[in-house]
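Topology and contacts: notes
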Amino acid sequence: GFLLFDFLKVMPNSEIYGIDISNYAIGNSKEEIRDSLQVGNATNLPWSDNYFDLVFSINTFHNLHNYDLELALREFERVGKNNKYICVESYETEEQKANLLYWQVTCEAFCTPEEWEWWFNKTGYTGDYSFIYFE
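First, a word on what this report is: a plain description of the structure on this page.

Each value, and the rule that gives it
- Residues numbered from 1 in each chain as written.
- Predicted model: local features only at pLDDT ≥ 70, side-chain atom pairs only at ≥ 80, totals over all residues.
- Heavy atoms only, no water.
- Phe/Tyr/Trp six-rings, centres within 6.5 Å; stacked < 30°, edge-to-face > 60°.
- Helix = DSSP H or I, 4+ residues; strand = E, 2+ residues; numbered from the N terminus.
- Buried < 20%, exposed > 50% of the residue type's maximum accessible area, 1.4 Å probe, protein only.
- Lys NZ or Arg CZ within 6 Å of the ring centre and 35° of its normal.
- Polar contact = N/O pair within 3.5 Å; in protein donor to acceptor, adjacent residues only side chain to side chain.
- Contact = heavy atoms within 4.5 Å.

With the rule as written, the count across this model stands at 13 aromatic pairs. Ring centres of Trp 116 and Phe 120 lie 6.1 Å apart, and the angle between their planes is 25 degrees; this geometry places the pair in the stacked category. Of this pair, Trp 116 and Phe 120 both sit in helix α5 (residues 113–123), four residues apart, which is roughly one turn of that helix. For the pair shown, Trp 116 and Phe 120 are each scored as buried. Grouped by ring-pair contacts, the aromatic residues Phe 61, Phe 76, Trp 116, Phe 120, Tyr 125, Tyr 129, Phe 131 and Tyr 133 constitute a single cluster. Positioned above the aromatic ring of Phe 5, the side-chain terminus of Lys 30 is 4.5 Å from the ring centre.

Okay, structure coming up:
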């Protein structure tokens, strides 16, 4: 919720909503936006089709198991209108993969950029994306 709080500071008249899988994270979020957050899962988003003008996910999708990626990416695409952004951790070399394995303990989807692009194409994801690498 900290990034949502930053959005609200820049655009104070915006309606913001967010989910987290963790009760702890929601309970320890910024008080100013806590009422806009709820415990939820990326595979079953509680909003209607095309609900948001902007949807974004920073460092979340790589924490899902491969069997959940398709549904979660389709849900992300479903709730957003035109402006979508995903940032995921990835690797290009075996050294980066080893670093990802050892340093990102919650990562479940170990995908190269080409594999992520395959997932995005398979699910019809139309938004922007970027990758983080553990050098």
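The rest of the description comes next.
What follows is about the side chain of Ser 57. Relative to the helices and strands, Ser 57 resides in strand β3 (residues 52–58). For Ser 57, the side chain forms a polar contact with the side chain of Thr 60, separated by 3.4 Å. Those residues within four positions of Ser 57 in sequence are excluded, and the remaining contacts are Phe 76, Tyr 85, Ile 86 and Cys 87.

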